[in-house]
Amino acid sequence: EDINCHAFPEPEKQQSWEIITDELKDILKKYSLDFSKEQMKIFNDPIHGHIALHPLLVKITDTPQFQRLRHIKQLGGKYLVYPGASHNRFEHSLGVAYLAGCLVKILHDNQPELKITKQDFLCVQIAGLCHDLGHGPFSHVFDGLVIPKAKTMKQIRGLYDDIPEKWKHEQMSVLMFDDIVKSLKTENENMLKEHGLDEKDVKFIEELIEGAKDSVAEWTYEGRAEDKSFLYEIVANKQNGIDVDKWDYFARDCHHLGIRNSFDHQRLLKFARVCEVNGRNHICFRDKEADNVYDMFRTRYTLHRQAYQHKICNIIEEMFAEVLVLADRDLHEEKPEDMLKISEAIKTAEEYSKLTDEIFEQISSSTATNLQESRNILNKIVRRKLPKFVGEARLTEKNMSKKIQEILMKSWKAAVQKYKPTDPTVSLNAEELPFYLVDLDHGMKDKNPIESVYFYSKRNPNQASTIKDYQLSSFLPKKFNEELVRVYYRRTDDQTVEDKMEEKKKVEEAEKCFQIWCKDNFEPCV
């Protein structure tokens, strides 16, 4: 039946209209991403140009925990090989926050049915901003080399080992973010509330930093319901590795390294869309963008091959890791006072905040007897007295299991002992010729990463699936990972002219020994 508006008295009509208007305003406010009334701050970034950040993000950047990132190099010791690569985690974090906002806004504008709110937008941007708060000195040198070495040393020396089995910087990022939230609440208890956020949103940000495992059949995350699972793929994508963190560091690292970046993240942004696949919402891309997506994974491989795993970069970073392990007081029963808190600093955000790249300057300028060995190694790095590169070989598929790798390591030592130098004045020692294994892949070990990406077509924009083989270029590789064996010669200290001559002979003999060993174990040898 038609409702007769004239049946209601005029004051009641007015009141009803005001209630409806207020409700509409609340809905618009909740689902609009218009921050025009906020005092946005503009940053001039060399990669993304002028980027605007929300006042709450600016508050976070203006904390000691975040400013610490100005003193942590994005690429660790790579600047000693690539002079331009001295950029820091600070600017990368700003870039990730910006790109996270761009991706959320495109999804919000193109698909209103996703019901992305202002709170969702802010949370994803904050997660992008804070995802790397937990990095230690020289970034991945700390969690990739120092902490595992410290854990091994504790076990060898029979010391109490309280280092988690697989400690990663993301765990520390969550602790550091919690610390920032506490410090902001100390200044203003309603800081989050004023921007429409609550404790559930804090939990959501922490989950975004760590990333959601797609293999989980049942949705166990507390920050958002399963219908917003796609938001968990923006900052740290555990489904297929396509996330804004990579988009920023590919562009930024290539810029500073002087390596060409063939991947176009701006184009991929335009073709991002959320589709339901196997009962869960995922970020998908247009089928015609498959080659651009592959370029992204190939760029990752190229960066690792040319820069991140560069033969000289790697050995320099091994030396930096040794500096920190030798200076770590927690690896000694008596914990000497003139040594430094390093591995034990991961226990609290307060101690960890003090740990930056400046620790190397601290060691270098120290006069402590217990830090002498560390100072000597730093002096070698400064004076370019590095181990000499002997050779490199690619492992074949039959050599790639861990058991075979251990056998190869033993066989190398045996080959050195067995080798008869062509120069009778030279003798080789396996301890002087360390053996390293290097993993290179496209992001998913030996799998083709494209197989984990969902694509939609122009005709069916709401249906997505993995790409078919016949839709991909026939020039794609058949193998998506490789492992390298590298051998170096460890130089002796304070060399005389005679020592240098002997070293040259040793390196030549080591190269010959390596070539023979390669032929016996795998072909070809590089």
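Residues numbered from 1 in each chain as written. Predicted model: local features only at pLDDT ≥ 70, side-chain atom pairs only at ≥ 80, totals over all residues. Heavy atoms only, no water.

Q: Please clarify how empty space enclosed by the protein should be interpreted in this entry.
A: For the coordinates displayed, the defined rule picks out three cavities of 30 Å³ or more. Its volume calculated, the second largest cavity comes out at about 60 Å³. Lining the second largest cavity are Leu 56, Ile 60, Ile 126, Phe 177, Ile 180, Val 181, Leu 184, Leu 192, Leu 197, Asp 201, Val 202 and Ile 205. At the level of secondary structure, the elements contributing two or more residues to the lining of the second largest cavity comprise α2 (55-61), α7 (169-187) and α8 (199-210). The element best represented in the lining of the second largest cavity is α7, accounting for four residues. The residue inventory of the lining of the second largest cavity, partitioned by class, reads eleven nonpolar, no polar and one charged. (1 Å grid on protein atoms, 1.4 Å probe; cavity = no way out; pocket = protein on both sides within 12 Å on 5 of 7 lines; lining within 4 Å. Points joined across faces, edges and corners; volume = space filled by probe spheres on them. Helix = DSSP H or I, 4+ residues; strand = E, 2+ residues; numbered from the N terminus. Nonpolar A, V, L, I, M, F, W, Y, C, P; charged D, E, K, R; others polar.)

Q: Teacher, can you tell me more about the environment of Asp 328 here?
A: Structurally, Asp 328 can be placed in the loop between α12 (311-327) and α13 (349-352). Through-space distance from the C-alpha of Asp 328 to that of Tyr 79 is 24 Å; in sequence the pair is 249 residues apart. Asp 328 has contacts with Ala 150, Met 339, Leu 340, Ile 342 and Ser 343, leaving out every residue within four places of it along the chain. A polar side-chain atom of Asp 328 sits 3.1 Å from the main-chain amide nitrogen of Asp 330. Among the polar contacts listed, one links the side chain of Asp 328 to the side chain of Ser 343, at a separation of 2.6 Å. (Contact = heavy atoms within 4.5 Å. Polar contact = N/O pair within 3.5 Å; in protein donor to acceptor, adjacent residues only side chain to side chain.)

Q: Explain the sheet that holds strand β5 (residues 388-394) to me, please; I cannot follow it from the model alone.
A: Across a sheet, strands are paired by hydrogen bonds formed along the backbone, either parallel or antiparallel in direction. Read across the sheet, three strands follow the order β5-β9-β6 without closing on themselves; strand pairing throughout is antiparallel. Each edge of the open sheet carries a strand with a single partner, namely β5 and β6 (435-441). For this sheet, the mean inter-axis angle between neighbouring strands, taken without regard to orientation, is 25°. Direction of pairing for β6 relative to strand β9 (residues 481-489): antiparallel, over a ladder of seven bridges. Among the inter-strand pairings, Val 438 is bridged to a residue of β9, identified as Leu 484. α12 contacts β5, β6 and β9 of the sheet and is inclined by roughly 65° relative to β9. (Pairing = 2+ DSSP bridges. Axes fitted to C-alpha atoms, helices over the stretch in contact; angles between N-to-C directions.)

Q: What am I meant to see in the nonpolar core here?
A: General note: in soluble globular proteins, nonpolar side chains tend to be found buried as a group. Counting 126 residues, the largest nonpolar core has Phe 142 and Ile 234 as the members making the most contacts within it. When residues in this core are grouped by element, the largest group, eleven residues, is from helix α4 (residues 89-110). The contact partners of Phe 142, leaving out residues within four places of it in the chain, are Gly 136, Pro 137, Ile 147, Pro 148, Trp 167, Leu 324, Ile 342, Ile 346, Tyr 352 and Leu 355. By size, the runner-up hydrophobic cluster in this structure holds 23 residues, among which are Ala 415, Val 426, Leu 433 and Val 507. (Core = buried A, V, L, I, M, F, W, Y, C linked by side-chain atoms within 4.5 Å. Buried < 20%, exposed > 50% of the residue type's maximum accessible area, 1.4 Å probe, protein only.)

Q: Any chance you could explain the sheet that holds strand β3 (residues 272-277) here in plain terms?
A: With mixed pairing, four strands are arranged side by side in an open sheet as β3-β4-β7-β8. Since the sheet does not close on itself, it has two edges, and those belong to β3 and β8 (464-466), each with one partner. Between one strand and the next, the sheet's axes are offset by a mean angle of 50°, whatever the strand orientation. Sheet topology note: the strand β7 (residues 454-456)/β8 ladder contains three bridges and is antiparallel. Each bridged residue has a counterpart across the sheet, and for Tyr 454 the counterpart in β8 is Thr 466. Of the strands in this sheet, β3 and β4 (280-286) touch α4, which is tilted by about 70° from β3.

Q: Looking at this structure, I do not really get the pattern of salt bridges. What am I missing?
A: Any two side chains of opposite charge can pair if their charged atoms end up close together. Across all of its chains, the model carries 32 salt bridges by this definition. In this structure, the salt-bridge partner of Asp 132 is Arg 89, at a minimum N-O distance of 2.7 Å. Highlighted residues: Asp 132 in the loop between α5 (118-130) and α6 (140-157) and Arg 89 in helix α4, separated in sequence by 43 residues. In this structure, Asp 132 and Arg 89 share a single accessibility class: buried. Across the pair Lys 506 and Glu 432 runs a salt bridge whose closest N-O atoms are separated by 3.0 Å. Here Lys 506 is found in helix α17 (residues 497-521), whereas its partner Glu 432 is found in the loop between α16 (402-418) and β6, with 74 residues between them in sequence. Where salt bridges share partners, they join Lys 154, Asp 162, Arg 329, Asp 330, Lys 335, Glu 337, Glu 344 and Lys 347 into one cluster. (Salt bridge = Lys/Arg side-chain N within 4 Å of Asp/Glu carboxyl O.)

Q: What is the right way to look at the environment of Pro 55 in this model?
A: Mapped onto the elements of the fold, Pro 55 is located in helix α2. Pro 55 sits 17 residues away from Glu 38 along the chain, and the two C-alpha atoms are 7.1 Å apart. Excluding residues within four positions of it along the chain, Pro 55 makes contact with Glu 38, Gln 39 and Met 40.

Q: Would you mind going over unusual backbone geometry with me for this structure?
A: What is expected of a backbone is that most residues other than glycine have negative phi and most peptide bonds are trans. With phi around 55°, Lys 115 is a residue other than glycine that occupies positive phi space. With respect to the secondary-structure elements, Lys 115 resides in the loop between α4 and α5. We classify Lys 115 as exposed; its relative accessible area is 52%. Phi angles above zero are rare outside glycine, and Asn 278 is one such case at about 55°. In this structure, Asn 278 sits in the loop between β3 and β4.

Q: Any chance you could explain the packing of helix α9 (residues 244-257) against helix α11 (residues 290-308) here in plain terms?
A: A pair of packed helices is characterised by two quantities: the angle between their axes and the separation of those axes. Where α9 contacts α11, the two axes come as close as 11 Å, and the packing angle between them is 40°. With respect to each other, α9 and α11 are oriented oblique. The interaxial crossing formed by α9 with α11 has left-handed handedness. Contact with α9, carried on its side by Lys 246, Trp 247, Tyr 249, Phe 250, Asp 253, Cys 254 and Leu 257, involves Met 296, Thr 299, Arg 300, Leu 303, Ala 307 and Tyr 308 of α11 and no other residues of that element. (Parallel < 35°, antiparallel > 145°, perpendicular 65-115°, else oblique. Left-handed = near helix turned anticlockwise from the far one by under 90°.)

Q: Mind showing me how you'd approach the packing of aromatic side chains here?
A: Following the criterion strictly, the structure yields 22 aromatic pairs and no others. Summarising the aromatic geometry, the rings of Phe 204 and Tyr 232 are spaced 5.4 Å apart at their centres and angled 65° between planes, so their arrangement reads as edge-to-face. Taken together, the positions of Phe 204 in helix α8 and Tyr 232 in the loop between α8 and α9 put the pair 28 residues apart, joining distant regions of the chain. When sorted by exposure, Phe 204 lands in the same class as Tyr 232, which is buried. Aromatic side chains Tyr 249 and Phe 250 sit 5.0 Å apart centroid to centroid with 85° between the ring planes, which places their arrangement in the edge-to-face category. On the basis of relative accessible area, Phe 250 is assigned to the buried category, the value being 1%. Joined through ring pairs, the aromatic side chains of Trp 247, Tyr 249, Phe 250, Phe 263 and Tyr 308 make up one cluster. When the ring centre of Phe 90 is taken as origin, the NZ or CZ atom of Arg 70, which lies over that ring, is 3.8 Å away. (Phe/Tyr/Trp six-rings, centres within 6.5 Å; stacked < 30°, edge-to-face > 60°. Lys NZ or Arg CZ within 6 Å of the ring centre and 35° of its normal.)

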